[in-house]
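# Structural overview
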Amino acid sequence: MLAPYIRISQQDNWKPFAGRRYDERPSPTHNDFTEKAGYVPFEKKEKPVVVVDVNLATEEEWQQLKGIGPGYSKRIVNFREKLGGFATVELVGETFGLPDSVFQQIRPYLQPSPVFRKLNVNTAGTEELKSHPFISSLQATVLVNYHKQHGAFADFNALKKMGPPFKEEDWQRLEVYLVFD
């Protein structure tokens, strides 16, 4: 059906570079368009190296890192607020939905700083405790009930005597976030 509309010439009418010979080819940065329009070639600008404080950076500051857009920066800041701060740079990598490849890419540009909000286990209620990402609803309930039955916790060792539903890994993650005032 298309055969009547197709023409294949036996001659070689193809001329590279609009009739110019190969050795007359203009430089890659020069052509008729650049002369007529006063075009300046695009120069790729490198982003300056930015170091981000994991506990002080705003969403906009997170976005200065390669691979971090508005979605990831919002998730990182929200996770940090729920935690009370990142105890380590590695905790940034636990942000929900943040690919490990992106975290590994930004990791050299992350600077640690102290946690800015801690939980007082002797005064915090169930709701406050379970709002922390590292404390489950069951753990919060058990902790509050244990506190009611046995009194205030003097230190972290007294808290660890509580046992289940907490595991040793839970205590290791929580230690930096808890105070006993």
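## Quick look at the overall build of the chain
A count of helical and extended segments in the chain gives eight helices and four strands. Listed N to C, the secondary structure of the chain is α-β-α-α-α-β-β-α-α-α-α-β in terms of helices and strands. Looking at the chain as a whole, 30% of its 181 residues are labelled buried. In the chain, of all internal contacts separated by at least 6 residues, the share reaching a separation of at least 24 is 53%. Summing over all exposed atoms, the chain offers an accessible surface of approximately 12800 Å²; the carbon and sulfur share of this is 54%.

## Here we look at the side chain of Asn55
Here Asn55 shows up in the loop between strand 1 (52–53) and helix 2 (59–62). Its relative accessible area of 5% is what places Asn55 among the buried residues. Within polar-contact distance, the side chain of Asn55 engages the backbone oxygen of Pro114 at 3.2 Å. Residues contacting Asn55, with those up to four places away along its chain left out, are Arg80, Gly85, Phe86, Ser113, Pro114, Val115 and Phe116.

## Concerning the side chain of Asp170
Relative to the elements of secondary structure, Asp170 occurs in helix 8 (residues 168–174). One buried charged side chain, Asp170, makes no salt bridge at all; its nearest oppositely charged neighbour is Lys167, positioned 6.1 Å away. Side-chain polar atoms of Asp170 contact the backbone nitrogen of Lys167, separated by 2.9 Å. Excluding residues that lie within four positions of it along the chain, Asp170 makes contacts with Gln139 and Pro165.

## Comments concerning the nonpolar core
Counting residues in hydrophobic clusters, the biggest one holds 39 residues, and the most contacted among them are Trp62, Val92 and Leu110. Counting only elements with at least two residues in this core, the list comes to helix 3 (70–83), helix 4 (100–106), helix 6 (137–150), helix 7 (156–160) and helix 8. Of all the elements, helix 3 adds the most residues to this core, at four residues. Leave out the neighbours within four places in its chain, and Leu110 touches Val52, Val54, Trp62, Leu65, Val89, Val92 and Phe103.

## With respect to the pattern of salt bridges
Here the structure, examined in full by the defined rule, presents five salt bridges. Glu90 is the salt-bridge partner of Arg107, the closest N and O atoms lying 2.2 Å from each other. Of the two residues, Arg107 sits in the loop between helix 4 and strand 2 (110–111) while Glu90 sits in the loop between helix 3 and helix 4, which places them 17 residues apart along the sequence. For Arg107, a relative accessible area of 34% translates into the label partly exposed. A salt bridge links Lys130 to Glu127, with the shortest nitrogen-to-oxygen separation between them at 3.2 Å. With Lys130 and Glu127 both in helix 5 (residues 126–130), this residue pair falls three residues apart, about one helical turn. For Glu127, a relative accessible area of 57% puts it in the exposed group.

Thresholds applied
Residues numbered from 1 in each chain as written. Predicted model: local features only at pLDDT ≥ 70, side-chain atom pairs only at ≥ 80, totals over all residues. Heavy atoms only, no water. Helix = DSSP H or I, 4+ residues; strand = E, 2+ residues; numbered from the N terminus. Buried < 20%, exposed > 50% of the residue type's maximum accessible area, 1.4 Å probe, protein only. Contact = heavy atoms within 4.5 Å. Areas by Shrake-Rupley, 256 points an atom, 1.4 Å probe, with all protein chains shown as cover. Polar contact = N/O pair within 3.5 Å; in protein donor to acceptor, adjacent residues only side chain to side chain. Lys, Arg positive; Asp, Glu negative; His and termini not counted. Salt bridge = Lys/Arg side-chain N within 4 Å of Asp/Glu carboxyl O. Core = buried A, V, L, I, M, F, W, Y, C linked by side-chain atoms within 4.5 Å.

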